[in-house]
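# Observations on the three-dimensional arrangement
Given next are the chains, with one letter for each unit.
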Amino acid sequence: MIGISQTLGGAGMAAGITVGALLAQDLLGSTGLAGLPAALYTAGAAFGAVGLGRVSRRFGRGPGLALGNGIAALGSAGVVTGATARWPVLLLAALFVYGAGTVTGLLARYAGADLAPPERRGRAAGTVLFAMTLGAVVGPNLIGPTGDLADTWGLPRLTGPFLLAAVAYTAAALVLVVWLRPDPLPPTRESGAAPPLASSPVPP
């Protein structure tokens, strides 16, 4: 389930990042500010890593990852709204929120290794990374079709990838909420102690 969610999330992340700078440049009317979306995305990811890490520790890895994907979906929808309304403040704020949510792609690697035996943790983390990479390869190839869809709906063509991101991150959150069992990182709110790591079977 983590792999599926990361394939969806990777598609959304790659599609959004690819056109973020172009969308901001078009709305702000300046090439000098084209790097601002990347800066906001990075700052959002830094804050998101801290916040979602705390949520995961308190409530479990599944809720933390689902919340992150939901935040990314909200940020994607905000980008579409800001660009359509020609409101730069909303666009830039939404890019920050988008970055805060997409950090789930990094946190999911730990989820993939949480329940694996020590000798398989590297492979488990690699599997999650591969799933995310697969989505990241597919996402940019959908920029054209999603742009056509946005144009059909009367939205700016460059918002198309963020429409995809909103749908992909929402689907990723639902996958985690409905099917991720058991939680890779059980809640620690009662004892405050870190959960024990998976261990190798004890030989007879």
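Structural notes, computed from the coordinates. Model, not experiment: these values are computed from the prediction.

### Digging into the overall build of the protein
Within the protein, the secondary structure is distributed over eight helices and zero strands. When the elements of the protein are put in sequence order from the N terminus, they spell out α-α-α-α-α-α-α-α. Here the protein, with 204 residues, has 44% of them falling under the buried criterion. Long-range pairs, those at least 24 residues apart, make up 78% of the contacts in the protein between residues at least 6 apart in sequence. Working note: accessible area of the protein is about 10100 Å², and carbon and sulfur atoms make up 70% of it.

### Examining the nonpolar core
In terms of nonpolar packing, the biggest core is built from 23 residues, with Leu23, Val79, Leu91, Leu95, Tyr98, Phe162 and Tyr169 touching the most fellow members. Of all the secondary structure elements, the ones that give two or more residues to this core are helix H1 (2-28), helix H2 (36-59), helix H3 (61-85), helix H4 (88-102) and helix H8 (160-179). Each residue touching Leu23, except ones within four places of it in the same chain, is listed here: Val79, Ala83, Leu91, Leu158, Thr159 and Phe162. Of all hydrophobic cores here, the second largest spans eight residues; its members include Ala45, Leu52, Leu107 and Leu176.

### Concerning H3
For H3, with 25 residues, the first-to-last C-alpha span of 36 Å sits near the 36 Å given by 1.5 Å per residue. Directly after H3, the chain includes Arg86, whose backbone phi takes a positive value near 60 degrees.

### What about the side chain of Thr146?
For Thr146, the location among the structural elements is in helix H7 (residues 143-152). With relative accessibility at 11%, the residue Thr146 sits in the buried group. Residues within four places of Thr146 in sequence aside, it is in contact with Gly160, Pro161 and Leu164.

### Concerning the packing of aromatic side chains
Going through the model one piece at a time under the given rule, you end up with four aromatic pairs. Measuring from ring centre to ring centre gives 6.1 Å for Tyr41 and Tyr98, while their planes differ by 45 degrees; the resulting arrangement is tilted. Taken together, the residues span a long stretch of sequence, with Tyr41 in helix H2 and Tyr98 in helix H4 at a distance of 57 residues. Each ring, one from Tyr98 and one from Tyr169, has its centre 6.3 Å from the other, and the planes form 85 degrees; the classification is edge-to-face. Placement of the pair is Tyr98 in helix H4 and Tyr169 in helix H8, with a sequence separation of 71 residues.

### Regarding the packing of H2 against H3
As a packed pair, H2 and H3 sit with axes 6 Å apart at the nearest point and diverge in direction by 145 degrees. For the crossing formed where H2 meets H3, the hand is right-handed. The residues of H3 that touch H2, namely those facing Leu52, Val55, Ser56 and Phe59, are Arg61, Pro63, Gly64, Leu65, Leu67, Gly68 and Ile71.

### Thoughts on the packing of H2 against H4
With their axes 6 Å apart at the nearest point, H2 and H4 run at an angle of 45 degrees to one another. The angle between H2 and H4 falls in the class oblique. In terms of crossing hand, the pair formed by H2 and H4 is right-handed. Of the residues in H4, those touching H2 at Leu36, Pro37, Leu40, Tyr41, Ala43, Gly44, Ala45, Phe47, Gly48 and Leu52 are Leu92, Leu95, Phe96, Tyr98, Gly99, Ala100 and Thr102. Taken together, the residues of the contact of H2 with H4 break down into 13 nonpolar, four polar and no charged.

### Focus on the pattern of salt bridges
For the coordinates displayed, the defined rule picks out two salt bridges. Between Asp148 and Arg157 there is a salt bridge, with the nearest N and O atoms lying 2.7 Å from each other. Taking the relative accessible area as the measure of exposure, Asp148 reaches 40% and is therefore partly exposed. Residue Arg157 is classed as partly exposed on the basis of its relative accessible area, which comes to 42%.

So, how was this worked out
- Residues numbered from 1 in each chain as written.
- Predicted model: local features only at pLDDT ≥ 70, side-chain atom pairs only at ≥ 80, totals over all residues.
- Heavy atoms only, no water.
- Helix = DSSP H or I, 4+ residues; strand = E, 2+ residues; numbered from the N terminus.
- Buried < 20%, exposed > 50% of the residue type's maximum accessible area, 1.4 Å probe, protein only.
- Contact = heavy atoms within 4.5 Å.
- Areas by Shrake-Rupley, 256 points an atom, 1.4 Å probe, with all protein chains shown as cover.
- Core = buried A, V, L, I, M, F, W, Y, C linked by side-chain atoms within 4.5 Å.
- Expected span 1.5 Å × (residues − 1).
- Phe/Tyr/Trp six-rings, centres within 6.5 Å; stacked < 30°, edge-to-face > 60°.
- Axes fitted to C-alpha atoms, helices over the stretch in contact; angles between N-to-C directions.
- Left-handed = near helix turned anticlockwise from the far one by under 90°.
- Parallel < 35°, antiparallel > 145°, perpendicular 65-115°, else oblique.
- Nonpolar A, V, L, I, M, F, W, Y, C, P; charged D, E, K, R; others polar.
- Salt bridge = Lys/Arg side-chain N within 4 Å of Asp/Glu carboxyl O.

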